[in-house]
Amino acid sequence: MSVLDRLLRLPPRSRPRPAVRLELEGAVPAWAVRVVSGVLVSAGLLVTIEQWPVALLVGLTVALLAHPGLAGVLLLLGAALLAQLPPELMRAAVLTAVLHVVLLSVRLTSRLPATGLVETRLLRHALATALVIQLVAQGAVLLGFAAVAVMPPMPWLAALSVAALFAASLAALRWWRRRA
Amino acid sequence: MILTVGGLTTALGGVLVLTFGIVIGRPDVVAYSLPVLLTAAWAVLRRDRVGLQARIRSRAGRTEAGEVRGVVEIDSGAESVLARVSAHGYRARVVLLAGGARRRVPVSVLLARTGVHRVFRLDSIAESAGGLLVSPPLQTGPISIAVHPVPRPLRTLPLPHRLTGLTGNHTSRRTGDGYEMRDVHEFGPGDRLKRIDWRVSARRALDTRTGRLGTLYARRTFATADATVMIVVDSRDDVGPDVSTWAGGSEIRKDAATSLDLARQAAASIARHHLDGGDRVGLDDLGRRRRPVRPAAGRHQWQRISQRLLRVAPEGWPSARERPPVLPTGALVVVCSTFLDDEAARMSRLWRAHGHEVIAIDTLPPLDLTQLELGHDIAYRLVMLQRRRRLRELRGAGVAVVPWDSGAGTTLHALARSHRQRAGR
């Protein structure tokens, strides 16, 4: 072997360092949670917006970039999409579910590396809570569409809702100050 | 508790979308924001107990090289706890645990190294309100764990030329109280009456005409004695199997035994074997100028040697010794070293010249040359050439060199047999 060959030869890769082992009753890798979320999001978007590149891109983003701000961004983008298109029950229901999947994925894996673990007990608990919230949200979707179909438009309801929201925000702020 | 930016952004986004939906009169947009708002509301209603306490404990009892275990205890009333368990030289594990109760998570690492190690550091954060609120990070550990070498079972070991004392498990060449028959000799002053061999006396000294005994004969036995073994560990260097780490700057892997780990194991195995046989064993360290563990027998001596071996570690670069440490007369000297420099070999030769039986245990681990860079292999070959010459000189001086590998027990057994045959024991 010439000197040049020896200079150009890369040293063999060293073995990875051993890992600390945790004995948990059950745990799921963070990457698995992200991949499942990405697949669910892609499938949901494919059904509603019928544009597979967008669905694939959003699904990949959810799977690869579990940042806490991702749910916020998708929330605003989804709201803009819904507002732009005519109201449709199926689309609203699926997008609501998709957003919830992203929320849950970000909540569980945003602070974990891909090799991190989510304890099964926590996952089970989070899924049960999410199921209850999702049922309430889907019920609200149904009720909303039913109300629009049955009742005439009520402009004063908007002003009342904004006032209620303002009061709720104040209450939330007080709560946070008490806790923090 | 600390309000997280990501969580706050999402919650505010939810409020914004809800307001937007109400303003434009779109129930689907309003319903779309509900998962975010309901998740936050649910978390608020849960009223989690904030606060986080954590500690790490090592498992009770003696820890030996192999799987080193500990327990992480986390006490938090929060919804979940983000825990990162790390140890120097290992890949950390990050896990999101369910909170709400005192949790005990067993942790372990595979550690081939011995001595005192600091392992298991825990960094944790309690998360509440769906990740909206987090506690300040809490660092716990690392904890110090003493990892003992696992003594290897050995069959027989060489004994010193000269056995000392009046009691022990070995048979000396002196005449005295013991179990092994030496000869039958004429009864004389100092012989006990119970030692008289009446059959031999009757056969040899009975006068058949008069029916009287002439000279009496007594059985003589070899006296028992104990052996003194002095184990000398060379703690001046601690090299790993990967030769590229010898120059420093890169870390030695924790799952591979270094020369000092092998030295500790060899010393512990030999000390354990001799102490179990009732011999007197002492320990000295070539790298540290401190009082040696004086030769003694018994279980407490094993504890003393075991504790001293734990704390054997390189400490700077000690100045060369002018004279070798003074050892008990007639002791068998076992030197555990890599013999990468002259010091240990010089001491071994001097002890041999003083009349001690010396065994050199070569504790250089099986080497890995794959990571060596250009030029380093030449340096490595020169070092090994010098080492081979050094070991050859040692053998020439009458020092038995035994590599501490899987065949060390057999080599020492063969050496013990040849010593026994030579000594006529």
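Keep in mind the model is a prediction, meaning the values are calculated, not measured. (Residues numbered from 1 in each chain as written. Chains lettered and ligands numbered in written order. Predicted model: local features only at pLDDT ≥ 70, side-chain atom pairs only at ≥ 80, totals over all residues. Heavy atoms only, no water.)

1. A look at the overall build of chain A
- The helix and strand tally for chain A stands at 7 helices and 3 strands.
- Put simply, chain A runs from its N terminus to its C terminus through helices and strands in the order α-β-β-α-α-α-α-β-α-α.
- By residue count, 39% of the 180 residues in chain A fall in the buried class.
- Sequence-distant contacts, at least 24 apart, represent 75% of the contacts inside chain A between residues at least 6 apart.
- Carbon and sulfur atoms make up 73% of the accessible area of chain A, which totals about 10800 Å². (Helix = DSSP H or I, 4+ residues; strand = E, 2+ residues; numbered from the N terminus. Buried < 20%, exposed > 50% of the residue type's maximum accessible area, 1.4 Å probe, protein only. Contact = heavy atoms within 4.5 Å. Areas by Shrake-Rupley, 256 points an atom, 1.4 Å probe, with all protein chains shown as cover.)

2. Topic: the sheet that holds strand β12 (residues 143-148) of chain B
Residue and element names in this part refer to chain B.
- Read from one edge to the other, the open sheet built from 3 strands follows the order β3-β12-β8, with strand pairing classed as mixed. Each edge of the open sheet is held by one strand with a lone partner, namely β3 (63-64) and β8 (115-119).
- Pairing geometry for β3 and β12, over 2 bridges, is parallel. By the bridge assignment, Glu64 is partnered in β12 with His148.
- Together, β8 and β12 form the strand contacts of helix α6 (residues 299-310), whose direction differs from that of β12 by roughly 125°. (Pairing = 2+ DSSP bridges. Axes fitted to C-alpha atoms, helices over the stretch in contact; angles between N-to-C directions.)

3. Brief notes about the nonpolar core
- Among the nonpolar cores identified, the biggest contains 32 residues, and Ile231(B), Val233(B), Ile305(B), Val334(B), Ile361(B) and Trp404(B) are the most heavily contacted of them.
- Counting residues per element, the ones that place at least two in this core are β18 (228-233), α5 (259-276), β19 (280-285), α6, β21 (332-337), β22 (357-362), β23 (400-403) and α9 (408-423) of chain B.
- The residues touching Val334(B), leaving out its near neighbours within four places in the chain, are Val229(B), Met230(B), Ile231(B), Val232(B), Ile270(B), Ile359(B) and Ile361(B).
- Within the second largest apolar cluster, 29 residues are counted, among which are Val20(A), Leu24(A), Val68(B) and Ile74(B). (Core = buried A, V, L, I, M, F, W, Y, C linked by side-chain atoms within 4.5 Å.)

4. Quick word on the pattern of salt bridges
All names here are of chain B.
- The full count for this structure, using the stated rule, is 32 salt bridges over all chains.
- Its salt-bridge partner being Arg102, residue Asp75 comes within 4.0 Å of it at the nearest N-O pair. Here Arg102 lies in strand β7 (residues 102-111) and Asp75 lies in strand β4 (residues 66-76), a separation of 27 residues in the sequence.
- Look at Arg102 and you get exposed, because its relative accessible area is 56%.
- Here Arg113 ties to Asp261 by a salt bridge, and the two come within 3.1 Å at their closest N and O atoms. Here Arg113, found in the loop between β7 and β8, pairs with Asp261, found in helix α5; they are 148 residues apart in sequence, far enough to count as distant. Asp261 carries the same exposure label as Arg113, and that label is buried.
- Here the salt bridges share partners, and the residues they tie into one network are Arg55, Arg57, Glu73, Asp75, Arg102 and Arg104. (Salt bridge = Lys/Arg side-chain N within 4 Å of Asp/Glu carboxyl O.)

5. Quick notes on the packing of aromatic side chains
Residue and element names in this part refer to chain B.
- Scanning the entire structure with this criterion turns up 0 aromatic pairs over all chains.
- For Arg204, the ring lying beneath its charged end belongs to Tyr217, and the centroid distance is 5.1 Å.
- The ring of Trp302 carries the charged tip of Arg272 above its face, separated from the ring centre by 4.9 Å. (Phe/Tyr/Trp six-rings, centres within 6.5 Å; stacked < 30°, edge-to-face > 60°. Lys NZ or Arg CZ within 6 Å of the ring centre and 35° of its normal.)

6. Re the packing of helix α7 (residues 342-353) of chain B against helix α8 (residues 376-396) of chain B
Residues and elements named next belong to chain B.
- Between α7 and α8, the least distance of the axes is 10 Å, while the angle of their chain directions is 5°. In terms of axis orientation, α7 runs roughly parallel to α8. Taken together, the residues of α8 that come into contact with α7 (itself represented by Asp342, Ala345, Ser348 and Arg349) are Arg390, Glu393 and Leu394.
- Here the residues of the contact of α7 with α8 sort into 2 nonpolar, 1 polar and 4 charged. (Parallel < 35°, antiparallel > 145°, perpendicular 65-115°, else oblique. Nonpolar A, V, L, I, M, F, W, Y, C, P; charged D, E, K, R; others polar.)

7. Regarding the interface of chain B and chain A
- On the side of chain A, 69 residues touch chain B, which itself brings 73 residues to the contact.
- Where chain B abuts chain A, roughly 6300 Å² becomes buried across the two surfaces, and 64% of that area is made up of carbon and sulfur atoms.
- Ranking the residues of chain B by area buried against chain A places Tyr32(B), Arg91(B) and Arg93(B) at the top, with a combined share of 12%.
- The interface formed by chain B and chain A contains 6 salt bridges.
- One salt bridge connects Arg111(A) with Glu127(B), and the closest N-O pair in it is separated by 2.8 Å.
- In this structure, the connection of chain B to chain A is made through 22 residue pairs in polar contact (both at pLDDT 80 or more). (Buried area = accessible area lost by both parts, 1.4 Å probe. Polar contact = N/O pair within 3.5 Å; in protein donor to acceptor, adjacent residues only side chain to side chain.)

8. Here's the deal with the confidence of the model for chain B
- Looking at chain B as a whole, the pLDDT averages 86, with 98% of positions reaching at least 70.
- Here the complex is predicted with pTM 0.79, and the ipTM for its interfaces comes to 0.82. (pLDDT = per-residue confidence, 0-100.)

9. Notes on the sheet that holds β4(B)
- As summarised here, the arrangement of the 4 strands in space is β1(A)-β7(B)-β4(B)-β2(B), forming an open sheet in which the pairing is antiparallel. At either end of the open sheet lies a strand with only one pairing partner, and these are β1 (21-22) of chain A together with β2 (52-58) of chain B.
- Of the strand pairs in this sheet, β4(B) and β7(B) are connected by 10 bridges, and their pairing is antiparallel. Note that in β7(B) the partner of Asp75(B) across the bridge is Arg102(B).

10. Structural notes on the side chain of His419(B)
All names here are of chain B.
- Within the secondary structure, His419 sits in helix α9.
- Residue His419 is classed as buried on the basis of its relative accessible area, which comes to 8%.
- At 3.1 Å, the side chain of His419 and the side chain of Glu357 are in polar contact.
- Dropping the residues within four chain positions of it, His419 is found in contact with Pro158, Leu159 and Glu357.

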